[in-house]
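Each chain, letter by letter, is given below.
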Amino acid sequence: MIMNFFDTHTHPYLEEFDNDRPTAMQRCIDAGVTKMIVPNVDLTTIGPLQQLCTAYPTNCFPAMALHPSSVDEQYTTKMLQIETLLNEQHFYAIGETGIDLYWDKTFEKEQKICFEQHIEWAYQKNLPIIIHCRKSFEEVMSSLQRFGKPLPAGGIFHCFPCGIQEAKTVIKHGFHLGIGGVVTFKNALMAKVVEAVPLEHLVIETDSPYLTPEPFRGKRNESSFIIYIAQKIADLQQTTLENVAAVTYENARKLFKIDL
Ligand SMILES: [Zn+2]
């Protein structure tokens, strides 16, 4: 049986792939990773992201946003360009956005302003939102709750960073949990979350070139490694790899409204 996988978060347009992008992309497609959501990072990545999605129109689907770690004193100019793009072209999601207080808290206030602007765009455009949340669960939830009503097209807590209680909260708000390579690491809190959460609320993602799963931890990550994440989810949920692939593929397809 041929298994197809949907990688809901990958960045193959980054320079880590500049030397072998076509070979790496083909390897991922051959491994059954036929659909990939490709979230933007900052203004410098828009060109490479667009090129990639044009080269792989049936495989790669762009998401647009300003990454929280790219929010700085230039944020108003940057956000204006993102907004212009969102008005000019079709994107499959707003992402990745959110709040990251792990690396740097300098622009905490600005990160919050930008995140809430992204939430507003998700409402206006009826698009799912891809949330990057690191050491910021309270802040992210309070921004979401300021809007009072659930997002019309839902979204993903990418690389889900919290425990079972938080997982229940985000599911209640209509979000999916993005499960990545961290679930394959020893003693991962995420393993406990995956055991406890029904498959219908999960999607899988590599966050390539980052967060490489075992047994390749330390190397460059790519979407073909998604099988190690899916297998770990299957083990934790005591189901088959085929079932994990099929259910998470369908979850992602519906979320991003991709009818291929
Ligand atoms: Zn990412």
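Residues numbered from 1 in each chain as written. Predicted model: local features only at pLDDT ≥ 70, side-chain atom pairs only at ≥ 80, totals over all residues. Heavy atoms only, no water.

Regarding the layout of surface pockets
Inference 1: Within this model, the largest pocket holds a volume of roughly 700 Å³.
Inference 2: Contributions of two or more residues to the lining of the largest pocket are made by strand 4 (93-100), strand 5 (129-134) and helix 7 (189-196).
Inference 3: Here the lining of the largest pocket gets three residues from one element, more than from any other, and that element is strand 5.
Inference 4: Here the lining of the largest pocket is composed, by residue class, of 15 nonpolar, seven polar and five charged.
Inference 5: Looking at which domains feed residues into the lining of the largest pocket, each of domain 1 (40-127) and domain 2 (154-260) gives three or more. (1 Å grid on protein atoms, 1.4 Å probe; cavity = no way out; pocket = protein on both sides within 12 Å on 5 of 7 lines; lining within 4 Å. Points joined across faces, edges and corners; volume = space filled by probe spheres on them. Helix = DSSP H or I, 4+ residues; strand = E, 2+ residues; numbered from the N terminus. Nonpolar A, V, L, I, M, F, W, Y, C, P; charged D, E, K, R; others polar. Domains from an automatic or database assignment.)

Some points on empty space enclosed by the protein
Inference 1: Scanning all chains against the criterion turns up one cavity of 30 Å³ or more.
Inference 2: Of the voids in this model, the largest cavity is the one considered here, and its volume is about 40 Å³.
Inference 3: Considering the residues around the largest cavity, the lining is formed by T10, P12, F17, A24, M25, C28, M36, S208, E222 and S223.
Inference 4: Per-element tally for the lining of the largest cavity: the top contributor is helix 1 (residues 21-30), with three residues.
Inference 5: Across the lining of the largest cavity, the residue classes break down as six nonpolar, three polar and one charged.

Here's the deal with the coordination of the zinc ion
Inference 1: The coordination sphere of the zinc ion, as far as protein atoms go, consists of H9 (NE2), H11 (NE2), E96 (OE) and D207 (OD), spread over 2.1 to 2.5 Å.
Inference 2: Note that the zinc ion binds four donor atoms; their angles at the metal cover 84 to 176°, and the shape is irregular.
Inference 3: Taken in chain order, the donor set of the zinc ion reads H-x1-H-x84-E-x110-D. Taken as a pair, H11 in the loop between strand 1 (5-7) and helix 1 and D207 in the loop between strand 8 (202-204) and helix 8 (226-237) lie far apart in primary sequence, 196 residues in all. Just as H11 is buried, D207 falls in that class too. (Donors = N, O, S within 2.8 Å, 3.2 Å for Na, K, Ca; no water. Tetrahedral: all angles 85-135°; square planar, octahedral: opposite > 155°, others 65-115°. Buried < 20%, exposed > 50% of the residue type's maximum accessible area, 1.4 Å probe, protein only.)

Concerning the domain arrangement of the protein
Inference 1: By the assigned domains, the protein splits into domain 1 (40-127) and domain 2 (154-260).
Inference 2: Placing the centre of domain 1 and that of domain 2 at their C-alpha centroids yields a distance of 22 Å.
Inference 3: On the side of domain 2, six residues touch domain 1, which itself brings seven residues to the contact.
Inference 4: Between domain 1 and domain 2, the buried area comes to about 460 Å², and carbon and sulfur atoms account for 63% of it.
Inference 5: Among the residues of domain 1 in contact with domain 2, F61, Y92 and E96 are the three that bury the most area, contributing 65% of the side total.
Inference 6: Summed over the shared surface of domain 1 and domain 2, the result is zero salt bridges.
Inference 7: When grouped by side-chain class, the residues that make up the side of domain 1 that touches domain 2 number four nonpolar, two polar and one charged. (Contact = heavy atoms within 4.5 Å. Buried area = accessible area lost by both parts, 1.4 Å probe. Salt bridge = Lys/Arg side-chain N within 4 Å of Asp/Glu carboxyl O.)

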